[in-house]
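Letter by letter, the chains look like this.
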Amino acid sequence: MATKRDLIAAELRRQISTGELARGARVPQSQLASKFSTSITPVREALGLLEAEGVLVAEPHHGVRVATANLAQVKTVYLMRQLAEPYAMQRAVWNMSRRDLQEATELFEDMEQSESAGDKPAFNEANRKFHFAFYDRCGDDGLRTEIAMLWQRYPWDLLQVIEHRAPDSHEEHRRILDAARAGNLQLVAGATRDHLKHGYLALAARLSDEPQLDPFPVNDD
């Protein structure tokens, strides 16, 4: 059963990922305590958890704020995602049943519907569920947990406002799903790598105000 700390942490992650709690904004501790009908202690425990994840930062005499997105930090998270997620996708596809693939297909359709409706929070949730429909079946709980932590550190709130990414991202998800349905482990890893790369490049260009190179290839960094 989730504790009050876990519930508060999950709510903060949701608010940050959707942009409801903006980068640099102060976290309203008393409001969170009131919302969850609890003392300030679980709130502070949740804040400490998110500080450890790098999502929040504590400032002397100024309370706790949402961390700003730093290109160098985003780059590091991206590199780690490139190392972990294509491999996890291969392991997952090897293990998945037809029923599992049907669930992924339905989540892909949920993304289509929420995107068409312009419902960004619903799209974000469907996007996460789509990817974790695979990662949850990678056969290694530790690997799945590490990927989940990397996702928590990624600035989804900034990526979702890059309008030109939507159609490309949709097609990239389709390629991942098609490769998974075909059971082609090489293709599913390649489609995942491309999806991560294009998302990072769009985000890096936004953070730096200029185009960036893919830092993942060893000889291109």
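Reference entry: report on the structure contained in this document. Treat the numbers as computed from the prediction; the structure is a model and nothing was measured. (Residues numbered from 1 in each chain as written. Predicted model: local features only at pLDDT ≥ 70, side-chain atom pairs only at ≥ 80, totals over all residues. Heavy atoms only, no water.)

### A word on the packing of helix 6 (residues 120-135) against helix 9 (residues 165-182)
Thinking step 1. Between helix 6 and helix 9, the least distance of the axes is 12 Å, while the angle of their chain directions is 25°. As judged from the angle between their axes, helix 6 and helix 9 are roughly parallel. Both helix 6 and helix 9 take part in a crossing whose hand is left-handed. Of the residues in helix 9, those in contact with Asn127, Phe130, His131 and Phe134 of helix 6 are His173, Ile176, Leu177 and Ala180.
Thinking step 2. Of the residues belonging to the contact of helix 6 with helix 9, the class tally is five nonpolar, three polar and no charged. (Axes fitted to C-alpha atoms, helices over the stretch in contact; angles between N-to-C directions. Helix = DSSP H or I, 4+ residues; strand = E, 2+ residues; numbered from the N terminus. Parallel < 35°, antiparallel > 145°, perpendicular 65-115°, else oblique. Left-handed = near helix turned anticlockwise from the far one by under 90°. Contact = heavy atoms within 4.5 Å. Nonpolar A, V, L, I, M, F, W, Y, C, P; charged D, E, K, R; others polar.)

### Section: the pattern of salt bridges
Thinking step 1. The full count for this structure, using the stated rule, is 16 salt bridges.
Thinking step 2. Residue Arg14 is joined to Glu20 by a salt bridge in which the shortest nitrogen-to-oxygen separation is 3.0 Å.
Thinking step 3. A salt bridge links Lys129 to Glu125, with the shortest nitrogen-to-oxygen separation between them at 4.0 Å. Here Lys129 and its partner Glu125 are both found in helix 6, four residues apart, which amounts to about one turn of the helix.
Thinking step 4. Judged by its relative accessible area of 41%, Glu125 falls in the partly exposed class.
Thinking step 5. Each of Glu11, Arg14, Glu20 and Lys35 takes part in a single network of salt bridges with overlapping partners. (Salt bridge = Lys/Arg side-chain N within 4 Å of Asp/Glu carboxyl O. Buried < 20%, exposed > 50% of the residue type's maximum accessible area, 1.4 Å probe, protein only.)

### Concerning the packing of aromatic side chains
Thinking step 1. Tallying each qualifying case throughout the model produces seven aromatic pairs.
Thinking step 2. Arranged with centres 6.4 Å apart and planes meeting at 50°, the rings of Phe108 and Phe130 form a pair that is tilted. You can see Phe108 sitting in helix 5 (residues 98-116) and its partner Phe130 sitting in helix 6, a full 22 residues away along the chain.
Thinking step 3. Exposure remark for Phe108: the relative accessible area of 5% places this residue in the buried category.
Thinking step 4. Under the relative-accessibility criterion, Phe130 is labelled buried at 0%.
Thinking step 5. A ring pair is formed by Phe132 and Tyr135, whose centres lie 5.3 Å apart and whose planes are at 90°; its orientation type is edge-to-face. Of the two residues, Phe132 and Tyr135 both sit in helix 6, three residues apart, roughly one turn of that helix.
Thinking step 6. Linked through ring pairs, Phe132, Tyr135, Trp151, Tyr154 and Trp156 together constitute an aromatic cluster.
Thinking step 7. Here Arg128 stacks its cationic end above the ring of Phe132, 4.4 Å away from the centre of that ring. (Phe/Tyr/Trp six-rings, centres within 6.5 Å; stacked < 30°, edge-to-face > 60°. Lys NZ or Arg CZ within 6 Å of the ring centre and 35° of its normal.)

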